[in-house]
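For reference, the chains in residue letters:
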Amino acid sequence: MKTMKNHPDQRTRWMRDFIESEHFRYRRFAADGPRSDEAALSSEHQLQIEAPKTDLLQRMAADFRRFCEVCMNIRLPSAVFDRADGPATSPRVRWRLSPKTTGANRIHEFSRLERDVESFIVDVSETETLIQAGHERGLLHGTHHLEWLMAGRGAPWLTKGRIERAPRFAPRISNGIFIHADQKVDDPDAFSDEYLSLMSHFGANGIHLHVHLWDFCRNAPMPEMNSLVFEQNVQALNDLADRAAAHGIDLYLYLATRIFSETHPVFQNHPDARGAKLEFMLEGQYQFNLCSGSERVLACYEETLENLFRAAPKIAGAIIIVGGEGFFHCHTRPVPPYEGSTNCPNCKNLDPSDQVARLANRCAAAIRRTGTNKLVFVWPYSAFAWSGEDRAQIRMIERLSDDVNLLSNFDTGSEDRVNGDGVFLFDYNIKSIGPSEIFAAQARRCVELQRPVFCKTETNTTPDAFFLPYVPVHHRWHQRFQSIGSVGVAGFIGQWRFYGMNGSPPEELQNARRILPILARDPRIGYGHCYGIVYDQEMVERKISHCEHLLAKELPRFSSQVRFHIWHDHP
């Protein structure tokens, strides 16, 4: 084990070291030999890549060689980049980039919703395994597919024949473990190359980074908000975006804003910019947001976002929470009492749904001016604070422009009707398969409006209950991912901010439902490669059905009816 005497948190460092290589934990165990319908991969195989020598393809080849050596006991030669399609002089694994006329071969400028980007074909014969794709990311996921097949077989033996795969969901956004409350874009511990490789192997093609907009602000309407370290912060974004792209992963920004005291210079110089007094208190006093009904403020947002996304062109998009936190506006959580919809005198008589949609539309238009393939997600998390009886925020959805995509919690927000006690199922549970009543209504309206819908789900949990992914109910995770596909979800955020991707059994299932066929069907055994998870399903189901809120962030308050022992926290 590595020693980190000078590291401020040795346990965190050791955990990160452990997690970073978890996709290499699968080992050869089969000893019966290849079947007649299988081809064996051996150290005699050559590696040939018929594609330009990019950072992604070089790392892909290095990871594949490492997997074969560490997990399959095969030492392969270094890959040769060769555009010629000559006859094989020895057994080989061959990657062939076959660009399509649609432009799917573009490395950076492509639609993150375009399924062809990650689709691939694998042809296995006695002497050659050929991976073909129209984009380098397709070659990457075809290679991951080979590794999963060998891990499942327990040996480097591949069934002969042709395999064609395309992703069910895009994008698939994740986040890191043990991140600080305020993520630091220049913190190398947050997303090391090893960790990005693990995330890619488990199906992630995006990460979301929590940033405060004012740390990246450059605008003329309200210069008081400008960052003094704009160039430095943008350079850190570009560096992370480049490193993530080498793993087939895009960088998305979760944009948060700050609130200020009434004496802040921006309010002194621009009285019209002061919005609502919100419920949040800092240093013993209430704070004010920038007025979302002010043209000056909206112009500031637009110019800031356009400047940011032009300065960091590889950022794939942005996520803004417009409910009860995140991207503050005058309807977020205003302090009562007030007449109308808020205590902001400029916005009190305005419809919150109209105003929130207007804010999202203006921000999205600014980002999309820097590239039509940028994705902008509006997330009405805890929007009941302003949407009232319209709990699914249908009025807001109907007012969103085509530049904006709806992202919403798939499995939370509805009442737990099993117990009939008025408890609502919130985040980080596996009691609710989903979709919740709220998400179902949102999805139906999006279908009627002919617009895609995206969801946030969770394969992990908060630090209060690290063990949730290891509770033996993996068929429930499988059912949730099936349900996500059945209602037509286009893409998802699979991990939020408390306990990110680490190669847990539910993440294997998430990856399997993403692109791979489910390998095991026995309801008493974990699916995919989740071997050995055998349990008394009926007993566990009874316990789960009657607990108020399974093992969530509110564990002491909601889980009093859970009486069976759960083993220690992971790992």
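Our structure's up above, just so we're on the same page.
First things first, this report covers the structure right here in the doc.

What counts, and where the lines are drawn
- Residues numbered from 1 in each chain as written.
- Predicted model: local features only at pLDDT ≥ 70, side-chain atom pairs only at ≥ 80, totals over all residues.
- Heavy atoms only, no water.
- Helix = DSSP H or I, 4+ residues; strand = E, 2+ residues; numbered from the N terminus.
- Contact = heavy atoms within 4.5 Å.
- Areas by Shrake-Rupley, 256 points an atom, 1.4 Å probe, with all protein chains shown as cover.
- Buried < 20%, exposed > 50% of the residue type's maximum accessible area, 1.4 Å probe, protein only.
- Core = buried A, V, L, I, M, F, W, Y, C linked by side-chain atoms within 4.5 Å.
- Polar contact = N/O pair within 3.5 Å; in protein donor to acceptor, adjacent residues only side chain to side chain.
- Salt bridge = Lys/Arg side-chain N within 4 Å of Asp/Glu carboxyl O.

As a further point, take the overall build of the chain. For the chain, the helix and strand inventory stands at 15 helices and 18 strands. The long-range share in the chain, meaning contacts at least 24 apart out of those at least 6 apart in sequence, stands at 75%. Total accessible area on the chain is roughly 23000 Å²; 50% of this is exposed by carbon and sulfur atoms.

Okay, helix α1 (residues 10-20) next. Within the sequence span of α1, burial applies to Thr12, Arg13, Met15, Arg16, Asp17, Ile19 and Glu20. Packed against the buried residues of α1 are α4 (193-201).

Glancing now at the nonpolar core. Grouped together as the largest cluster of nonpolar side chains are 127 residues, with contacts concentrated most on Met199, Leu253 and Tyr301. Considering each element in turn, this core owes the most residues, 9 residues, to helix α2 (residues 55-72). Ignoring sequence-local partners within four residues, the contact set of Met199 consists of Ser174, Asn175, Phe191, Ala204, Ile207, Ile249 and Met501. If you look at the next biggest cluster of nonpolar residues, it comprises 15 residues, including Tyr252, Ile319, Leu375 and Trp379.

Let us look at the side chain of Ser387. Residue placement: Ser387 occurs in helix α9 (residues 384-387). On the basis of relative accessibility, which here comes to 10%, the residue Ser387 falls in the buried class. A polar side-chain atom of Ser387 sits 3.0 Å from the main-chain carbonyl oxygen of Asp390.

Under the definition given, this model contains 39 salt bridges. Between Arg395 and Asp351 there is a salt bridge whose closest N-O contact spans 2.6 Å. Taken together, the residues Arg395 in helix α10 (residues 394-398) and Asp351 in the loop between β14 (317-321) and α8 (352-368) connect sequence positions 44 residues apart. Arg395 gets classed as partly exposed once you look at its relative accessible area, which sits at 33%. Within this structure, Glu295, Glu302, Glu306, Arg310, Arg358, Arg362 and Arg369 form a network of salt bridges that share partners.

Here we come to unusual backbone geometry. Here the residue pair Pro336 and Pro337 is connected by a cis peptide bond, since its omega of 0° sits within 30 degrees of zero. Within the element layout of this structure, Pro337 appears in the loop between β14 and α8. At the junction of Gly434 and Pro435, the peptide bond is cis and its omega measures out at 5° in the coordinates. Mapping Pro435 onto the fold places it in the loop between β16 (405-409) and α11 (437-448). Phi at Gln393 takes a positive value of approximately 55°, unusual for a residue other than glycine. Note that Gln393 resides in the loop between α9 and α10.

Function cannot be read off these values alone, since they describe shape.
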